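What the coordinates show
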Amino acid sequence: MEEMLFYDRMQFAFTITFHYLFPQLTMGLSLIIVYFKWKYLKTNNEHYNHATHFWMKIFALNFAMGVVTGIPMEFQFGTNWAKFSELTGGIIGQTLAMEGMFSFFLESSFLGIFLFGEKLLGHKWHFVTGLLIMIGSWASGFLIIATHSWMQNPVGYEILENGKFVLNNFQALFLNPWLWPSYLHNQAASMITSSFVVAGIGAFYILSRKNVSFGKLFLKTGVIFGLISSIVVAVPTGDLLAKNVVKYQPVTFAGMEGIFHTEKKGSEIVLIGQPDVKDKKLDNKIAVPNILSFLTYGNWDQEIKGLDQFEADLHPTNISGLYYAYHIMVGLGTVFIGLMIISLFQLIRGKLFETKWLLWSLMFMMPFPYIANTTGWYTAELGRQPWLVYNLMRTASGASPTVSSGNTLFTLLGFIGLYLLLGMLFLLLIGKIINKGPHYVELSTEKI
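Since the structure is predicted, the reported quantities are computational estimates derived from the model, not experimental observations. (Residues numbered from 1 in each chain as written. Predicted model: local features only at pLDDT ≥ 70, side-chain atom pairs only at ≥ 80, totals over all residues. Heavy atoms only, no water.)

1. Some points on the pattern of salt bridges
Considering all chains together, one arrives at eight salt bridges under this definition. Between Lys243 and Asp239 there is a salt bridge; the shortest N-O distance is 3.2 Å. A residue pair is termed a helical-turn pair when its members lie 3 or 4 positions apart in one helix, as Lys243 and Asp239 do in helix 10 (residues 237–248) at four residues. In this structure Asp239 comes out as partly exposed when scored by relative accessible area, which is 28%. (Salt bridge = Lys/Arg side-chain N within 4 Å of Asp/Glu carboxyl O. Helix = DSSP H or I, 4+ residues; strand = E, 2+ residues; numbered from the N terminus. Buried < 20%, exposed > 50% of the residue type's maximum accessible area, 1.4 Å probe, protein only.)

2. Focus on the packing of aromatic side chains
In this structure the tally under the stated criterion is 38 aromatic pairs. For the pair Tyr20 and Trp377, a centre-to-centre distance of 6.0 Å together with 70 degrees between the ring planes defines the contact as edge-to-face. One end of the pair, Tyr20, is in helix 1 (residues 2–20); the other, Trp377, is in helix 15 (residues 368–384), with 357 residues separating them in the sequence. Overall, Trp377 belongs to the partly exposed group, its relative accessible area being 23%. Considering the side-chain rings of Trp55 and Phe218, the 5.3 Å spacing of their centres and the 70 degrees angle between planes classify their relative orientation as edge-to-face. Placement of the pair is Trp55 in helix 3 (residues 46–79) and Phe218 in helix 9 (residues 212–234), with a sequence separation of 163 residues. Note on accessibility: Trp55 and Phe218 belong to one class, buried. Stacked on the ring of Trp387, the Lys or Arg Arg394 has its end atom at 4.4 Å from the ring centre. (Phe/Tyr/Trp six-rings, centres within 6.5 Å; stacked < 30°, edge-to-face > 60°. Lys NZ or Arg CZ within 6 Å of the ring centre and 35° of its normal.)

3. Topic: the side chain of Ser137
Take Ser137: it is sitting in helix 6 (residues 123–152). On the accessibility criterion, Ser137 (2% relative accessible area) is buried. Ignoring anything within four residues of it in the chain, the contact list for Ser137 reads Thr26, Met27, Ser30 and Glu107. (Contact = heavy atoms within 4.5 Å.)

4. Describing a nonpolar patch on the surface
Among the surface-exposed residues, Ile113, Leu120, Leu121 and Trp125 lie close enough to one another that they form a single nonpolar patch of about 450 Å² accessible area. Structurally, the position occupied by Trp125 is in helix 6. (Patch = residues over 30% accessible without salt bridge, like charges linked within 9 Å, V, L, I, M, F, W, Y side chains within 5 Å. Areas by Shrake-Rupley, 256 points an atom, 1.4 Å probe, with all protein chains shown as cover.)

5. Topic: unusual backbone geometry
Cis rather than trans, the peptide bond between Val235 and Pro236 has omega equal to 10 degrees. In this fold, Pro236 is placed in the loop between helix 9 and helix 10. A cis amide bond links Gln385 to the next residue, Pro386, at an omega of 15 degrees. Tracing the backbone shows Pro386 in the loop between helix 15 and strand 5 (387–389). The backbone phi angle of Asn290 is positive, close to 65 degrees, even though this residue is not glycine. Structurally, Asn290 can be placed in the loop between strand 4 (281–288) and helix 12 (291–297). Looking at Asn290, the relative accessible area reads 19%, which means it is buried. Not every positive phi belongs to a glycine, and Asn391 is a case in point at roughly 65 degrees. Relative to the elements of secondary structure, Asn391 occurs in the loop between strand 5 and strand 6 (393–394).

6. Here's the deal with the side chain of Glu268
Relative to the helices and strands, Glu268 is located in the loop between helix 11 (250–257) and strand 3 (269–276). In this structure the side chain of Glu268 is engaged in a polar contact, spanning 2.3 Å, whose partner is the side chain of Lys285. Not counting chain neighbours up to four residues away, the residues in contact with Glu268 comprise Glu263, Lys285, Ala287, Val288, Pro289, Asn290 and Leu292. (Polar contact = N/O pair within 3.5 Å; in protein donor to acceptor, adjacent residues only side chain to side chain.)

7. Quick word on the pairing of strand 4
In this sheet, strand 4 lies alongside strand 3 in antiparallel orientation, the contact comprising six bridges. Bridging across to strand 4, Pro275 finds its partner in Leu282. (Pairing = 2+ DSSP bridges.)

8. Points about the packing of helix 1 against helix 17 (residues 405–436)
The contact between helix 1 and helix 17 brings their axes to 9 Å, and the two run at 15 degrees. Relative to helix 17, helix 1 is oriented roughly parallel. Of the two elements, helix 1 crosses helix 17, and the hand of that crossing is left-handed. Facing helix 1, whose interface residues are Glu3, Met4, Tyr7, Asp8, Met10, Gln11, Phe14, Thr15 and Phe18, helix 17 presents Ser405, Thr408, Leu409, Thr411, Leu412, Phe415, Ile416, Tyr419 and Gly423. Grouping the constituent residues of the contact of helix 1 with helix 17 by class yields ten nonpolar, six polar and two charged. (Axes fitted to C-alpha atoms, helices over the stretch in contact; angles between N-to-C directions. Parallel < 35°, antiparallel > 145°, perpendicular 65-115°, else oblique. Left-handed = near helix turned anticlockwise from the far one by under 90°. Nonpolar A, V, L, I, M, F, W, Y, C, P; charged D, E, K, R; others polar.)

This is the structure in structure tokens:
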């Protein structure tokens, strides 16, 4: 059973990690595309319209990859997690169906119109279709995270005699206190990814002395959006989400922060340290006293429960993985804020486009928001273990008992090979789009 569960979890972890590389860009990028189109309507500067077309190509390719890689996950609910689907389908099936029927079709339908209908619609209606794509993209994220939030903090349900979960309060599903901080935090994180990609490609154009006017536009836009989203992902959304974890999943919070033993007079915040789960301690740690208590409760001396206050079978099943995922996410988030503050400072001074070390840094940092988003989701999922539905259904209880570990491993290897080919094709096509660049236009007299 343990081997089967391991491969079930590995397959879902691999497929969803690869899948989410694409939606995390499209959700944020849709807003930036709408911004470019709005600027074109406002200024009549062709640079903005060509920027819209350029990024829409990248959006469309990412959207297509997201669809292709998203479909297998739906099937995994029925193959690898049949018991989970059987018992909770009355609740999670509703939000997942709404995501497919409403959000996905809204986004996909208007994507074709936006790509090919500009001349027919005119620029104002072209902007409206872009806005509808953004709404569909963000609504899709909302409904997925509503599902996730119910698994983290189940509300508005009752359990029938046959063990099935049914929804008895539809409103509670969307007023879940876990939902809104999670959703806003996720969307801000998506904006970070898209902002760094836009800024990074802009830096690439400037450094390569190719499409320099567009490079400056992309860099300026990416830095402004990037700084705003980097701050929002930390405060208030990250702060609110962390306080939710303390309130509803205190054992998870202890694992995230590496608190093995309760500290009576305030908890320190660990900057660096390696968890030794066997001996229940952090090795080589560098910590600041009482800061964690203040950030969490606004009280320097507030006690925060350690793992020693909870039964061992309630502890996260991978404390080391949880600890490192959380600290990588937070560490990268701090770097993002610092880099964007420096970039904005240089932009205001009029020296950003000539500061080569900063341009190289922004270009080099493009992959790191993907890492931060991935480790953020790992924090959420590893933190919920050993539960599928927190405090109600253990992960082992949701797996399909009739699907052998050999079958799951076989299909996992197939997914790895297939996604490797898809990833290579994706990078090749993206590289061609970036190398070709936006359509050339003469420099506008308007300052970009």
